[in-house]
Amino acid sequence: MNKAGRKGWSCTWKFKMSVVLTGTIFMVYGFGFSASSAESQIRSGQPEQMLTEQTIIQASGQISPTPADKSQRKRMAIIIDDAGNDMKGTSEILATPVKLTLAVMPFLPTTKKDAIAAHEKGMDVIVHMPMEPKKGRPEWLGPGAITTNLTDEEVRDRVEKAIDEVPYAVGMNNHMGSKITSDKRIMSIVLDVCQERGLFFVDSRTNFRSVVGELAITKNMPPVGNDIFLDDHNSKQQIRKQMDLAAQRALDKDVCVVIGHVGHTGLNTSAVVHESVSRLKGQIEFVGISDLVRDVWHWQAEPKLPTDNK
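What counts and how
- Residues numbered from 1 in each chain as written.
- Predicted model: local features only at pLDDT ≥ 70, side-chain atom pairs only at ≥ 80, totals over all residues.
- Heavy atoms only, no water.
- Phe/Tyr/Trp six-rings, centres within 6.5 Å; stacked < 30°, edge-to-face > 60°.
- Helix = DSSP H or I, 4+ residues; strand = E, 2+ residues; numbered from the N terminus.
- Buried < 20%, exposed > 50% of the residue type's maximum accessible area, 1.4 Å probe, protein only.
- Expected span 1.5 Å × (residues − 1).
- Arc of directions from axis to C-beta.
- Contact = heavy atoms within 4.5 Å.
- Core = buried A, V, L, I, M, F, W, Y, C linked by side-chain atoms within 4.5 Å.
- Polar contact = N/O pair within 3.5 Å; in protein donor to acceptor, adjacent residues only side chain to side chain.
- Axes fitted to C-alpha atoms, helices over the stretch in contact; angles between N-to-C directions.
- Parallel < 35°, antiparallel > 145°, perpendicular 65-115°, else oblique.
- Left-handed = near helix turned anticlockwise from the far one by under 90°.
- Nonpolar A, V, L, I, M, F, W, Y, C, P; charged D, E, K, R; others polar.

Enquirer: Break down the packing of aromatic side chains for me, citing the residues and quoting the values.
Expert: Tallied over the entire structure, the rule returns 1 aromatic pair. On the basis of an interplanar angle of 90° and a centroid distance of 6.1 Å, the ring pair of Phe-200 and Trp-299 is categorised as edge-to-face. Linking Phe-200 in strand β5 (residues 200-203) with Trp-299 in the segment after α10 (289-295), this pair joins segments that are 99 residues apart in sequence. A relative accessible area of 12% places Trp-299 in the buried class.

Quick look at the structure:
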């Protein structure tokens, strides 16, 4: 090959190589830019549900679960205690436009009225069972309370009568009860009666030494427990702070169980619940406690004895 020919071949080869190299660089950095853009959308705080399926595919090469998937739902169950005595905030709570859980005390003037109203609103109803605390005024307990001086038969009788007293009850939680929930003898009877009647038990967690969870597991019952109290302090600012903590837990852990009250804090609690439901719409799904029992703990009622509370 003469000098001119070699020169022409060299130019052609260099041109082809530059085209290939340019294409390779574009492919590498082009894909990297696409992935970085999608990742920056996620890291920027933009809600995941706002990312399109196509964007996620471009970033990772596969479809990621969306919030519509069951595993990605962020859910909160709000239980409102102390209903049944025409307490402040009851009507406001019943007017909440999402599914809540009303914990109704037995043997009180508006026990049946409040339970029926909650059921007709599509809310869950549970028995708010009075139980002896380590400290506290006896008059705060209410009628039909479970105390440590009762025999096994007396405990069973009181739990059965309380269940029959509250219409549409699907579960039970403890009113006060820091002393009882650490007593294996009594709580074993309480859980046995609940299971026989097709009810689950929610540990309000008024005592960090509670035995309810471990006993529930041994009896093949769901170990459901309260995560956060909303209204230990009666101020909207504090209740709002607790609700924000609950919302963050739901986002981080997928589920959160919280307890608020009617009565002394009722008006403030109901006001904050209403505003929070509106503010958190689209981020968190508000559900009844029975929904979590079914979906998270995969528990279904199998009553062995009739429940005369419908």
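Enquirer: An account of helix α9 (residues 266-279) is needed here, citing residue identities and associated values.
Expert: For α9, built from 14 residues, the straight-helix expectation of 20 Å at 1.5 Å per residue is met to within 8% by its first-to-last C-alpha distance of 20 Å. Among all positions in α9, only Gly-266, Thr-269, Ser-270, Val-272, Val-273, Ser-276 and Val-277 are buried. Taken end-on, α9 shows its buried residues confined to a sector of 165°, consistent with a single buried face. Buried-residue contacts for α9 involve β1 (75-83), α3 (90-94), α8 (236-253), β8 (255-261) and β9 (285-287).

Enquirer: Please set out the side chain of Arg-75 residue by residue, giving values where relevant.
Expert: In this structure, Arg-75 sits in strand β1. Taking relative accessible area as the criterion, Arg-75 reaches 5% and is therefore assigned buried. Those residues in contact with Arg-75 that sit more than four places away from it in its chain are Ala-250, Asp-254, Val-255, Cys-256, Ile-284, Glu-285, Val-287, Leu-292, Asp-295 and Val-296.

Enquirer: Lay out the nonpolar core with the relevant residues and their values.
Expert: Across soluble globular proteins, you tend to see nonpolar side chains buried next to one another. Ranked by size, the top nonpolar core spans 56 residues in total, and within it Met-76, Ile-78, Ile-146, Met-172, Met-187, Val-190 and Phe-201 carry the most contacts. One finds Ala-77, Ile-126, Phe-229 and Ile-259 within the second-largest nonpolar core, a separate group that totals 15 residues.

Enquirer: Can you explain the side chain of Asn-174? Please cite residues and give values.
Expert: One can find Asn-174 in strand β4 (residues 169-176). Overall, Asn-174 belongs to the buried group, its relative accessible area being 1%. Side-chain polar atoms of Asn-174 contact the backbone oxygen of Met-176, separated by 2.8 Å. A polar contact is formed between the side chain of Asn-174 and the backbone nitrogen of Ser-204, at a distance of 2.9 Å.

Enquirer: Pulling in residues and values, what's your account of the packing of helix α5 (residues 152-165) against helix α6 (residues 184-196)?
Expert: A pair of packed helices is captured by two measures, namely the crossing angle of their axes and the spacing between those axes. Running from N to C, α5 and α6 point in directions that differ by 40°, and their axes come no closer than 9 Å. In terms of axis orientation, α5 runs oblique to α6. Handedness of the crossing formed by α5 with α6: right-handed. In contact with Asp-152, Val-155, Arg-156, Val-159, Glu-160 and Ile-163 of α5, α6 contributes Arg-185, Ile-186, Ile-189, Val-190, Asp-192, Val-193 and Glu-196. Of the residues belonging to the contact of α5 with α6, the class tally is 7 nonpolar, no polar and 6 charged.

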